[in-house]
Amino acid sequence: MLSLEKISELLGKESDTLLQHQSKTISKDLLHLPGPDTVNKIYQPSSRNPQVLRSLGQLFQHGRLGGTGYMSILPVDQGVEHSAGASFAKYPAYFDPENIVKLAIEGGCNAVASTFGVLSSVSRNYAHRIPFIVKLNHNELLTYPNRADQVMYGTVEEAWNLGAVAVGATIYFGSEQSDRQIVEVSRAFARAHELGMATILWCYLRNDAFKKDVDYHLSADLTGQANHLGVTIQADIIKQKLPVVNGGYKALNTGTSSYGKLDERIYTELTSDNPIDLCRYQVANCYMGRMGLINSGGASEGEADLAEAVRTAVINKRAGGVGLISGRKAFQRPMVEGAALLNAIQDVYLNEQITIA
């Protein structure tokens, strides 16, 4: 178990900024915070049927974080999204789906998220041992030139038949095909709820116009609105990249262009420059935490992965999020090391000294 001192050491010069920060933007008193009673307190009052509540209960009760209201998920869909060679060349054992599931189990995760092919190939041996999350759609990178689009790779019924507890999907908000993706995913999530499965939405932004002086794909205001669209289609859990900048709406409203709607209080009252406050704005857009926010663990950068993973977990937890979904940092290293990294993420959520800001 990582001590607070070790976590502080990993955070380095940001330790005080992240561990001592008290938010003066959106009060924690307004948030629906994670806890042992998350399913009863947050999801039960909704229109979700008892089968969905049971599935959510399975997700929240499994693994090292079981019963805390927090989640640690291993996602491995990069064999499609980033190409199998680029994803698994460093450790070819992960071409075998069984090793992906084994890593999630060894790492004490709440669930494993992957493709139809990966999970169906080992479902009879593992669907009863760890909750499965089937990723329904993907962006394949063989079309030339590459394009930002998400295509369905199977049906919700197939996911249910292989024993999945939940389904996941991506919408590229802001892309040319976002309208079609919204309709497809909305219908798929409605069907999943009918069958009793939980739903997780990857709320990503994709538009070349968002890349100006900085990359506004990671802007708190734009990602926050993407989250709000995600909970609008009744996703149970939102996956989002950690915000690192702000002011996307402002940047896209320069000169003669007009984009969206904004209020200056987004920047002067609802957020600050502190990473925790930027993430809290994402949480607020998930109906003040009624639908849980999990942040992405990001790409693997080698030796810095442990510190980066712990940093992201601290920000998410102190902002009011419900966990982390970390793939490449875990599977692009030997299984023992990958499991240890996943455990380090979980240690942040298990540490009672790290509180909501």
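Criteria and thresholds
- Residues numbered from 1 in each chain as written.
- Predicted model: local features only at pLDDT ≥ 70, side-chain atom pairs only at ≥ 80, totals over all residues.
- Heavy atoms only, no water.
- UniProt positions renumbered as here; feature names shortened; annotations may be inferred.
- Pairing = 2+ DSSP bridges.
- Helix = DSSP H or I, 4+ residues; strand = E, 2+ residues; numbered from the N terminus.
- Axes fitted to C-alpha atoms, helices over the stretch in contact; angles between N-to-C directions.
- Contact = heavy atoms within 4.5 Å.
- Phe/Tyr/Trp six-rings, centres within 6.5 Å; stacked < 30°, edge-to-face > 60°.
- Buried < 20%, exposed > 50% of the residue type's maximum accessible area, 1.4 Å probe, protein only.
- Lys NZ or Arg CZ within 6 Å of the ring centre and 35° of its normal.

The name recorded for the protein in an unreviewed UniProt entry is fructose-bisphosphate aldolase, from Chitinophaga ginsengisegetis. In its Sequence similarities (unreviewed entry) section, the UniProt entry covering the protein states "Belongs to the DeoC/FbaB aldolase family. FbaB subfamily."

Trainee: Explanation requested: the sheet that holds strand 8 (residues 237–240) in the structure shown.
Mentor: What holds strands together in a sheet is hydrogen bonding between their backbones, with the strands either parallel or antiparallel. If you trace the 8 strands once around the closed barrel, you get 1-2-3-6-7-8-9-10, paired in parallel fashion. Averaged over all pairs of adjacent strands, the angle between strand axes in this sheet comes to 25°, irrespective of strand direction. Here strand 3 (residues 132–135) runs beside strand 6 (residues 166–173); their pairing, made up of 3 bridges, is parallel. Within strand 6, the position partnered with Lys135 by the bridge is Gly168. Contacts from helix 11 (residues 220–232) reach strand 6, strand 7 (198–205), strand 8 and strand 9 (292–296) within the one sheet, and its direction differs from that of strand 7 by about 150°.

Trainee: Which parts of the structure should I look at to understand the packing of aromatic side chains?
Mentor: Here the distance between the centres and the angle between the planes together describe a pair of aromatic rings. Within the structure shown, the criterion is met by 7 aromatic pairs. Their ring planes at 40° and their centres at 6.3 Å tell us that Tyr43 and Phe60 sit as a pair that is tilted. Of the two residues, Tyr43 sits in helix 3 (residues 38–43) while Phe60 sits in helix 4 (residues 50–61), which places them 17 residues apart along the sequence. With respect to class, Tyr43 is no different from Phe60; both count as buried. Pairing Tyr70 with Tyr349 gives two aromatic rings, centres 4.9 Å apart and planes at 40°, and the pair type is tilted. One end of the pair, Tyr70, is in the loop between helix 4 and strand 1 (71–76); the other, Tyr349, is in helix 17 (residues 335–350), with 279 residues separating them in the sequence. Each member of the pair, Tyr70 together with Tyr349, is buried. By the ring-pair criterion, three or more aromatic residues cluster together here, those being Phe88, Tyr94, Phe95 and Phe331. When the ring centre of Trp202 is taken as reference, the NZ or CZ atom of Lys135 above it lies at 5.2 Å.

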